[in-house]
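Single-letter residue listing:
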Amino acid sequence: MDVQNIRKDFPILSQKIYGHDLVYLDNAATTQKPQCVLDSIMKFYTQYNSNIHRGVHYLSEKATEIYEAARLKVKDFINAKSRTEIVFTKGSTEAINMLAYSFGEAYVQTGDEIIVSEMEHHSNIVPWQLMCGRKGAKLKVLPFNDKGELLTAELGKIITPKTKLICVTYVSNTLGTINPVQGIIYQAHLHGIPVLVDAAQAIQHVKIDVQKLDCDFLALSGHKIYAETGIGVLYAKEDYLDKMPPYQGGGDMIKNVSFDGSTWAELPLKFEAGTSNFVGAGSLHAALDYVETIGLSNIAEYEKQLLDYASQKISSIDGITIYGNASKKASIISFNINGAHHYDVGMVLDKLGIAVRTGTHCTEPIMKHYSITGTVRASFAMYNTFEEIDVLVEGIKKAKKMLVN
Ligand code: PLP
């Protein structure tokens, strides 16, 4: 990988922050955008802007073409069977809320159970709590060990005849763990239980083939894979989408409307009420093309080198605790300087031009597991360099000197 050339594609990276070169290590929160993605947005608004699916005029047809081509791109990128299985959403959060509502209405009764893991993002906990509250169902938790690995052997004890769905993140946004989702899905299917994979942190690091995984549902966010914010996907097997009721009502999702009742549009539009983010969909298409040009396996290999280098360098500083040492990890590293508050560390790093995230990372149950209030999280993307990790390491040493007596 020619990282210096890749960096030239991301205009934001050449900035100075407080007089320092920007070192952007907050990629798990959102990724920066390459010029081709920015161009796709500009081109849409300067040449094609028009609402989709509703017009017979040239611009509307062109906009619809771009939107539906993006759907096909996503279908191919995750190897779904059909374009009808790709529902565009605002992001992973909306995808999971949509599923929690529609799946809950179709399949969940009082006394049923939903399993989530202890390392889920709040987006894959709270929608299920809301649904359980509505339906009188119960949320059960698959725990992880102190290395940050799911105790998948416990699954057999947690599953009961009442279990309706298992929800698990592919990659933990806090611990970096790459979970053995294929095994979990296999085990769940032995009991006839469908599985939702939260791929918000996986799509940009791991090659995903939904047919090979055989997951029933998968959620992803465009902005985590170099596309615009406000576009994401719920992948669902067609049979489920057929049987689930719509999440929201409005334009585009209906076949006919009368005061006696309404009928729904064909899949996947039944789940896409209102004006969709068609510009975002186009930007996702451009981003996926870009990632494919570089090659996801090349990206993953390079990011693994960055992670190994950073883990070795950071752990060699005295008085550092790293959270999450799973045997399979994506390029995310959470740590604390013992005796310093994560927020203060983040502030010191910021003044050096280093962008990291501090806090709970929307995973309060993980914080509870380790009895901490938060961590500092550095997360790497394909455009990060070993030199930037050196800058981070020097920054951590400086913060330690300032904050710890
Ligand atoms: N799931 C995981 C694992 C995440 O890391 C995130 C965001 O950080 C989400 C879900 C929610 O994604 P979004 O905010 O794009 O909807």
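The structure displayed is predicted, hence computed values, not measured ones.

## Describing helix α12 (residues 342-351)
Here α12 has its buried residues at H342, V345, G346, V348 and L349. Taken end-on, α12 shows its buried residues confined to a sector of 165 degrees, consistent with a single buried face. Turning to α12, the residues buried within the fold contact β14 (332-337), β15 (354-355), β16 (357-359), β17 (375-379) and α14 (386-403).

## Re the packing of α12 against α14
At a closest axis distance of 9 Å, the pairing of α12 and α14 adopts a crossing angle of 125 degrees. Compared by their axis directions, α12 and α14 come out oblique. As α12 packs across α14, the resulting crossing turns out to be right-handed. Only L392, G395, I396, A399, M402 and L403 of α14 make contact with α12, whose side of the interface consists of D344, V345, V348 and L349. For the contact of α12 with α14, the residue count by class is eight nonpolar, one polar and one charged.

## Observations regarding the nonpolar core
One finds I78 and I208 to be the most contacted residues of the largest nonpolar core, which totals 79 residues. No other element matches helix α10 (residues 278-294), which puts 10 residues into this core. Ranked by size, the runner-up nonpolar core spans 29 residues in total, among them L25, F335, I337 and V356.

## Structural notes on the site of the ligand
For the ligand, the set of nearby residues contains 13 residues, the closest of which are T93, D198, S221, H223 and K224. Here H121 contributes a side-chain N or O atom positioned 3.4 Å from an oxygen atom of the ligand. A distance of 2.5 Å is found between a nitrogen atom of the ligand and a side-chain nitrogen or oxygen belonging to D198. Isolated, the ligand exposes 390 Å² of accessible area, and the fraction of that covered by the protein chains is 85%. Of the residues in the shell around the ligand, the class split is one nonpolar, 10 polar and two charged.

## Structural notes on the pattern of salt bridges
Per the stated rule, a full pass over the model turns up 24 salt bridges. Of the charged contacts in the structure, one is a salt bridge between E266 and K255, with a shortest N-O distance of 3.4 Å. Placement of the pair is E266 in the loop between β12 (261-264) and α10 and K255 in strand β11 (residues 254-258), with a sequence separation of 11 residues. A network of salt bridges, in which partner residues are shared, links E68, R71, R83 and E272.

## Some remarks on the environment of R7
With respect to the helices, strands and loops of the structure, R7 is situated in helix α1 (residues 3-8). For R7, a relative accessible area of 16% corresponds to the buried category. With 376 residues separating them in the primary sequence, R7 and Y383 have C-alpha atoms 5.4 Å apart. Once residues lying within four places of it in the same chain are set aside, the contact partners of R7 are L13, L22, Y383, N384, T385 and E388. Engagement of the side chain of R7 in a polar contact is seen with the backbone oxygen of Y383, the distance being 2.6 Å.

## What about the packing of aromatic side chains?
How two aromatic rings sit relative to each other is given by the distance of their centres and the angle of their planes. As enumerated under the stated definition, the model contains 17 aromatic pairs in all. Taken together, a centroid distance of 5.9 Å and an interplanar angle of 65 degrees make the contact between F10 and Y226 edge-to-face. You can see F10 sitting in the loop between α1 and β1 (16-17) and its partner Y226 sitting in the loop between β9 (217-221) and β10 (232-236), a full 216 residues away along the chain. What makes Y226 buried here is its relative accessible area of 1%. Aromatic side chains Y323 and Y370 sit 5.2 Å apart centroid to centroid with 65 degrees between the ring planes, which places their arrangement in the edge-to-face category. Linking Y323 in strand β13 (residues 320-323) with Y370 in helix α13 (residues 364-370), this pair joins segments that are 47 residues apart in sequence. Site record: aromatic cluster; members linked through ring pairs are F10, Y226, Y290 and Y383. The ring of F77 has K207 lying over it, and the distance from NZ or CZ to the ring centre is 5.3 Å.

## Side note on the sheet that holds β16
Read across the open sheet, the four strands follow the order β13-β14-β17-β16; overall the sheet is antiparallel. Two strands bound the open sheet, and with one partner strand each, they are β13 and β16. On average, each strand axis in the sheet is inclined to that of its neighbour by 30 degrees, with strand direction left out of account. In the sheet, β14 pairs with β17 via four bridges, with the strands oriented antiparallel. Looking at β17, one finds that S334 is bridged to R377. Against the sheet, helix α11 (residues 296-315) touches β13 and β14, its axis set at about 10 degrees to β14. Where α14 meets the sheet, it contacts β13, β14 and β17, and its direction lies at approximately 20 degrees from that of β14.

Procedures and definitions
Counting restarts for each chain: residues are numbered from 1 in the order of the written sequence. Residue-level local features of this predicted model are given only where pLDDT is at least 70; pairs of side-chain atoms are given and counted only at 80 or more, and the full residue set underlies all totals for whole chains, interfaces and linings. Only hydrogens and water are set aside when side-chain values are computed; all heavy atoms of the structure are taken into account. Only protein chains enter the accessibility calculation, which uses a 1.4 Å probe; a residue is then buried when its area is under 20% of its type maximum, exposed when over 50%, and partly exposed in between. A run of H or I in DSSP counts as a helix once it spans at least four residues, and a run of E counts as a strand once it spans at least two, with each numbered from the N terminus. The arc refers to the directions leading from the helix axis to the C-beta atoms. Only heavy atoms matter for contacts: two residues are in contact if any of them lie within 4.5 Å across the pair. Only the stretch in contact is used when a helix axis is fitted, and all axes are lines through C-alpha atoms; the angle between N-to-C directions ranges over 0 to 180 degrees. Roughly parallel refers to an angle under 35 degrees, roughly antiparallel to one over 145, roughly perpendicular to one between 65 and 115, and oblique to any angle outside these ranges. Take the far helix as your reference; a near helix turned counterclockwise from it by less than a right angle gives a left-handed crossing, and one turned clockwise gives a right-handed crossing. Lys, Arg, Asp and Glu make up the charged group, whereas Ala, Val, Leu, Ile, Met, Phe, Trp, Tyr, Cys and Pro make up the nonpolar group; the residues left over, Gly among them, are polar. To form a nonpolar core, buried Ala, Val, Leu, Ile, Met, Phe, Trp, Tyr and Cys residues must be joined to one another through side-chain atoms within 4.5 Å. The criterion for a residue being near a molecule or strand is simple. One of its heavy atoms has to lie within 4 Å of it. A 3.5 Å cut-off defines polar contacts: any pair of N or O atoms within that distance qualifies, except that in protein one atom must be a possible hydrogen donor and the other a possible acceptor, and neighbouring residues in sequence count only when both atoms are side-chain atoms. Accessible areas in this description were obtained via Shrake-Rupley with a 1.4 Å probe; residue shielding takes into account the shown protein chains only. Basic side-chain nitrogens of Lys or Arg form a salt bridge, by our definition, when they fall within 4 Å of a carboxyl oxygen of Asp or Glu. The rule is short: rings of Phe, Tyr and Trp, with Trp giving its six-membered ring, pair when the centres are within 6.5 Å, and they are stacked under 30 degrees, edge-to-face over 60, tilted in between. Note on criteria: charge over ring means Lys NZ or Arg CZ within 6 Å of the ring centre, with the direction from the centre no more than 35 degrees off the ring normal. Between any two strands, at least two bridges found by DSSP are needed for them to pair.

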